[in-house]
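Notes for the structure review
Chain residues, written in single-letter form:
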Amino acid sequence: MLTGVRRGGFVGAQDISTGEFWAGIGINTYFFTGAVLLVGATVSYARSPDRPR
């Protein structure tokens, strides 16, 4: 959507409203932030010293 390759993204929606555009950006930002936090948590967990079991 941001690159302008297709106006509605890969789903092919040609006529999207401004509200739909910003809702899509908000949802994409939410999931991207979650992915970044998940990667950070995974790396932190992998680097932590072994715990007694």
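Residues numbered from 1 in each chain as written. Predicted model: local features only at pLDDT ≥ 70, side-chain atom pairs only at ≥ 80, totals over all residues. Heavy atoms only, no water.

Examining the overall build of the protein
For the protein, the count of helices and strands is 1 helix and 0 strands. Among the 53 residues that make up the protein, the fraction classed as buried is 9%. For the protein, the accessible area works out to roughly 4900 Å², and carbon and sulfur atoms hold 65% of it. (Helix = DSSP H or I, 4+ residues; strand = E, 2+ residues; numbered from the N terminus. Buried < 20%, exposed > 50% of the residue type's maximum accessible area, 1.4 Å probe, protein only. Areas by Shrake-Rupley, 256 points an atom, 1.4 Å probe, with all protein chains shown as cover.)

Thoughts on the packing of aromatic side chains
To describe a pair of aromatic rings, one takes the distance between the centres and the angle between the planes. Going through the model one piece at a time under the given rule, you end up with 2 aromatic pairs. Between F21 and W22, the aromatic rings sit 5.2 Å apart at their centres with planes inclined by 80 degrees, giving edge-to-face as the arrangement. F21 sits in the partly exposed class, given a relative accessible area of 22%. With relative accessibility at 54%, the residue W22 sits in the exposed group. (Phe/Tyr/Trp six-rings, centres within 6.5 Å; stacked < 30°, edge-to-face > 60°.)

Describing a nonpolar patch on the surface
Among the surface-exposed residues, I27, Y30 and F31 lie close enough to one another that they form a single nonpolar patch of about 400 Å² accessible area. With respect to the secondary-structure elements, Y30 resides in helix α1 (residues 18-47). (Patch = residues over 30% accessible without salt bridge, like charges linked within 9 Å, V, L, I, M, F, W, Y side chains within 5 Å. Salt bridge = Lys/Arg side-chain N within 4 Å of Asp/Glu carboxyl O.)

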